[in-house]
Amino acid sequence: MKLADNKATLSFSNGSPSIEMPVYSGSIGPDVIDIRKLYGQTGMFTYDPGFLSTASCQSAITFIDGDKGELLYRGYPIEQLANHGDYLDTCYLLLKGDLPDAKQSTDFHKLVNNHTMVNEQMQFFLRGFRRDAHPMAVMTGLVGALSAFYHDSTDITNPEHREISAIRLIAKLPTLVAMSYKYGIGQPFMYPQNSLSYSGNFLRMMFGVPCEDYVVNPVLERALDRIFILHADHEQNASTSTVRLCGSSGTNPFAAVAAGVACLWGPAHGGANEACLKMLDDIQRMGGISKVGEFMEQVKDKNSGVKLMGFGHRVYKNYDPRAKLMQETCNEVLAELGLENDPMFKLAKQVEKIALEDDYFVSRKLYPNVDFYSGIVQRAIGIPVNLFTGVFALARTVGWIAQLNEMIGDPEYKIGRPRQMFTGSPRRNVPGAK
Ligand code: SDX
């Protein structure tokens, strides 16, 4: 970042001395006011719950322009990346800053493929769970448990440890997600088959069985790969900020990513795709398309507490570019599977149509986000609703690691330690205490 030819002056109406703060510019996007010396100079904190106006870091990985509905990974538009190369090429880009050439791509695919198996002991962790445990509960445990198997690479300050941990996490997440699914349905775990693509391997571990060959459907394979690309990173969202804050203590990458998995689970964040499909199911049970208007009235009634899941976004105040690409992927998959008349997809399109015409949503700039169509396409592929967020976590792991490594690689980084405005009781004595 570079010093802008601008400064911020903070003055106080109570006559306290005003202070000047430097303004910095990045390469694109809003300038920032550097408040690092504010407390030292004024004895005051800034106050910004939810960090609506706070840049927690500088980053060169992902840029979002919420007003334009633009998403760039290392400068490349998501629309182009969704149709260029595959998810592992996008992983290479996010981790290393540039798209791989043919040899780099081949070597990276081979490197990831060499790490797709998990230690045989990992399967015994699953046995401790009920078979009907939510897969995100299982995943939070399994990802954290990975750190117990790699004592040779848990020093996050060591670039080689960061590199191999990144590869292990990217390679093993599909295996762990598939294991949590198989455990839930009482089927045997499928070992990775490294002659398959990353997405093809995941499909086989999910839907293959040991008693017969599994043939990967190339349309589903491509659709899944694109879903992974669309979910790979997204600037300083809640789970990425969690991974950064967790990793800032110097803990190992597996523990930091496990914290990201836990945060992503929430329905306001990565759990929204599961919540969105449940919402569409509810409308279907109410009577389907004819009941969408009634449902929308509930959403607009603040007291109902009902939200239009899959809609709205902290940053996008225009259409989420990923939602458009997800809708296209939905069309392709449903056509491939002969489900063009899928009632859920038709219902979703009707919900979107009504929302985009209703002033309540238009005035609040509420558009479909990445989660609105992803549930429909994943359900069509055969992924169970309660595993949608596990798939999101699988895809987002590369973003979490890239952001964590960027932070640790920054010589200026410190352990994150926000302050507060205290509104509790001033000092008082326990009865009888002197
Ligand atoms: C993801 O941050 C990221 O980048 C996340 C993500 C990523 O890739 O990492 O993009 C992934 O998490 C996408 C978001 C998935 N979540 C959902 O779809 C859940 C439904 N959405 C809402 O919970 C909400 O829109 C948020 C949490 C996504 C954003 O909330 P904000 O920015 O805090 O917005 P807000 O709550 O201040 O809303 C502004 C207004 C409010 O109304 P008023 O008080 O002004 O009258 O819009 C209303 C809200 O009540 N509103 C909604 C709504 N979202 C906001 N009303 C109905 N349905 C909604 N979905």
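The preceding data block contains the structure.
Below or above, wherever it landed, is the structure these notes cover.

## Some words on the site of the ligand
Item 1. Looking at the ligand, there are 24 residues lining it, with His234, Lys302, His313, Arg322 and Arg396 nearest.
Item 2. For the ligand, a nitrogen atom lies 2.9 Å from a polar atom in the backbone of Leu308.
Item 3. The contact in question runs from an oxygen atom of the ligand to an N or O atom on the side chain of Arg322, over 2.7 Å.
Item 4. Each residue belonging to the shell around the ligand can be placed in one class, and the counts come to ten nonpolar, seven polar and seven charged.

## Some words on the nonpolar core
Item 1. Ranked by internal contacts, the top residues of the largest apolar core, which has 113 residues, are Leu280 and Leu308.
Item 2. No other element matches helix α18 (residues 388–408), which puts 13 residues into this core.
Item 3. Filtering out sequence-adjacent residues up to four positions away, Leu280 remains in contact with Met344, Leu347, Ala348, Val351 and Ile376.

## So, the packing of aromatic side chains
The description of an aromatic ring pair rests on the distance of the ring centres and on the angle between the ring planes.
Item 1. Inspection of the entire model under this criterion finds 14 aromatic pairs.
Item 2. Where Tyr87 meets Tyr198, the ring centres are 5.2 Å apart and the plane angle is 35°; that geometry is what we call tilted. In this pair, Tyr87 sits in helix α3 (residues 87–96) while Tyr198 sits in helix α8 (residues 198–207), placing the two residues 111 residues apart along the sequence. Each member of the pair, Tyr87 as well as Tyr198, is classed as buried.
Item 3. Where Phe345 meets Tyr373, the ring centres are 5.9 Å apart and the plane angle is 70°; that geometry is what we call edge-to-face. Placement of Phe345 in helix α15 (residues 343–357) and of Tyr373 in helix α17 (residues 370–381) is noted, with a sequence separation of 28 residues between them.
Item 4. The class of Phe345 is buried, set by a relative accessible area of 2%.
Item 5. With a relative accessible area of 0%, Tyr373 lands in the buried category.

## Regarding the packing of helix α12 (residues 272–286) against α18
Item 1. Interhelical geometry of α12 versus α18 gives an angle of 150° and a closest axis separation of 7 Å. Between α12 and α18, the angle falls in the class roughly antiparallel. In terms of crossing hand, the pair formed by α12 and α18 is right-handed. Contacts from Asn273, Glu274 and Leu277 of α12 reach α18 at Phe388, Thr389 and Phe392.
Item 2. Looking at side-chain class alone, the contact of α12 with α18 contains three nonpolar, two polar and one charged residues.

## A look at the sheet that holds strand β4 (residues 62–65)
Item 1. Spatial ordering of the open sheet is given by β4-β5-β6, a layout of three strands whose pairing is antiparallel. Each of the sheet's edge strands pairs with one partner strand only, and the pair in question is β4 and β6 (76–77).

## What about the environment of Trp265?
Item 1. Turning to its location among the elements, Trp265 is positioned in the loop between α11 (253–264) and α12.
Item 2. Of the residues examined, Trp265 reaches a relative accessible area of 32% and is grouped as partly exposed.
Item 3. C-alpha of Trp265 to C-alpha of Arg130: the two residues are 135 residues apart in sequence and 19 Å apart in space.
Item 4. Sequence-distant contacts of Trp265, defined by excluding residues within four places in its chain, comprise His134, Met136, Ala137, Thr140, Gly271 and Thr389.

## Focus on the pattern of salt bridges
Item 1. All chains considered together, the criterion is met by 18 salt bridges.
Item 2. With a closest N to O distance of 3.3 Å, Arg168 and Asp152 form a salt bridge. Here Arg168 is found in helix α7 (residues 159–185), whereas its partner Asp152 is found in the loop between α6 (135–145) and α7, with 16 residues between them in sequence.
Item 3. Note on Arg168: relative accessible area 11%, which makes it buried.
Item 4. One salt-bridge network, in which partners are shared between bridges, spans Asp34, Arg36 and Glu412.

Parameters and conventions
Residues numbered from 1 in each chain as written. Predicted model: local features only at pLDDT ≥ 70, side-chain atom pairs only at ≥ 80, totals over all residues. Heavy atoms only, no water. Near = heavy atom within 4 Å. Polar contact = N/O pair within 3.5 Å; in protein donor to acceptor, adjacent residues only side chain to side chain. Nonpolar A, V, L, I, M, F, W, Y, C, P; charged D, E, K, R; others polar. Core = buried A, V, L, I, M, F, W, Y, C linked by side-chain atoms within 4.5 Å. Buried < 20%, exposed > 50% of the residue type's maximum accessible area, 1.4 Å probe, protein only. Helix = DSSP H or I, 4+ residues; strand = E, 2+ residues; numbered from the N terminus. Contact = heavy atoms within 4.5 Å. Phe/Tyr/Trp six-rings, centres within 6.5 Å; stacked < 30°, edge-to-face > 60°. Axes fitted to C-alpha atoms, helices over the stretch in contact; angles between N-to-C directions. Parallel < 35°, antiparallel > 145°, perpendicular 65-115°, else oblique. Left-handed = near helix turned anticlockwise from the far one by under 90°. Pairing = 2+ DSSP bridges. Salt bridge = Lys/Arg side-chain N within 4 Å of Asp/Glu carboxyl O.

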